[in-house]
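So you can see what is in the structure, the chains are spelled out below.
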Amino acid sequence: MSRTGFIHDKLDIKFLVLYLMARVASPVDLPTLTDLAFCDDGVEYFDFAEALAELVATDHLTLTEDKYAITDKGRRNGKICESSLAFSVRQKCDRNLARVNGVLRRDAQVRTEFLPREDGGITLRLILDDDKGNIMTLDMLTVSPDQAGRLAERFRATPEDLYHSILQALLSEPLEDQAED
């Protein structure tokens, strides 16, 4: 059966994966890479899985803690072969990469850590960074892992809200000064 799309065989899939991995903002898990790679109707899952395993076996990619990253060898060889990909496939890849890279960059800037305490509580560390470094680190005592998880989830969803609330509290006039005016 003939395939549709511009990707026709496992070698094309390898070129596609190297193209994607050279442009992704940080190491990615299999579901994210799969989502990125299925931008062309010619990509089939089993060929994709084989190509990915072969790229790891030949040291074009590394697999660490369930995340794939490109090696220098992969970057070099991918650059040589990227013109083999159809222009329309590269355009689709670039659009999808822009979306994924935005999420990856945000995830790298908004982090949480759970630090067990001797008294049985948990210190929840909320970290907000930007391209220039740390913006805010806040340690909070929580009474249970469940509470720490809920607070961490809320912080990751809207870190700007907490940051702006803290700034507002620190920059507002004290109540006693307002009463004297």
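Further up the page is the structure itself.
Residues numbered from 1 in each chain as written. Predicted model: local features only at pLDDT ≥ 70, side-chain atom pairs only at ≥ 80, totals over all residues. Heavy atoms only, no water.

S.K.: So what exactly am I meant to see when it comes to the side chain of N101 here?
M.R.: Note that N101 resides in helix α5 (residues 87-109). For N101, a relative accessible area of 6% puts it in the buried group. Non-local contacts of N101, meaning those with residues more than four positions away in its chain, are made with R23, V24 and A25. (Helix = DSSP H or I, 4+ residues; strand = E, 2+ residues; numbered from the N terminus. Buried < 20%, exposed > 50% of the residue type's maximum accessible area, 1.4 Å probe, protein only. Contact = heavy atoms within 4.5 Å.)

S.K.: Can you walk me through the pairing of strand β5 (residues 133-142) in this structure?
M.R.: Two faces, one strand: in a regular strand the side chains alternate between the faces of the sheet. By the bridge criterion, 9 bridges tie strand β4 (residues 122-130) to β5 in an arrangement that is antiparallel. Directly across from D130, in β5, lies its bridge partner G133. In sequence, β4 turns back onto β5 through a hairpin of 2 residues. (Pairing = 2+ DSSP bridges.)

S.K.: Can you walk me through unusual backbone geometry in this structure?
M.R.: Trans is the common state for peptide bonds, and a negative phi is the common state for residues other than glycine. Unlike most non-glycine residues, D59 shows phi in positive territory, near 65 degrees. Examined against the element boundaries, D59 turns out to sit in the loop between α3 (45-57) and β1 (61-64).

S.K.: What should I look at first to understand the packing of helix α1 (residues 10-23) against helix α2 (residues 30-37) in this one?
M.R.: The axes of two packed helices give the description: the angle between them and the distance between them. Running from amino to carboxyl end, α1 crosses α2 at an angle of 115 degrees, the nearest separation of the two axes being 10 Å. Viewed along their axes, α1 and α2 form a crossing whose handedness is right-handed. Counting all contacts with α1, which are made through L16, V17, L20 and M21, the residues of α2 involved are L33, L36 and A37. Here the contact of α1 with α2 is built from residues that sort into 7 nonpolar, no polar and no charged. (Axes fitted to C-alpha atoms, helices over the stretch in contact; angles between N-to-C directions. Left-handed = near helix turned anticlockwise from the far one by under 90°. Nonpolar A, V, L, I, M, F, W, Y, C, P; charged D, E, K, R; others polar.)

S.K.: I keep staring at the packing of aromatic side chains and nothing clicks. Help me out?
M.R.: A ring pair, where both rings are aromatic, is described by two values, the distance of the centres and the angle of the planes. In the structure shown here, the tally under the stated rule is 3 aromatic pairs. Here F38 and F48 contribute two aromatic rings whose centre-to-centre distance is 5.7 Å and whose plane-to-plane angle is 70 degrees, an arrangement assigned as edge-to-face. With a gap of 10 residues between them, F38 in the loop between α2 and α3 and F48 in helix α3 connect regions that are remote in the sequence. With a relative accessible area of 33%, F38 lands in the partly exposed category. (Phe/Tyr/Trp six-rings, centres within 6.5 Å; stacked < 30°, edge-to-face > 60°.)

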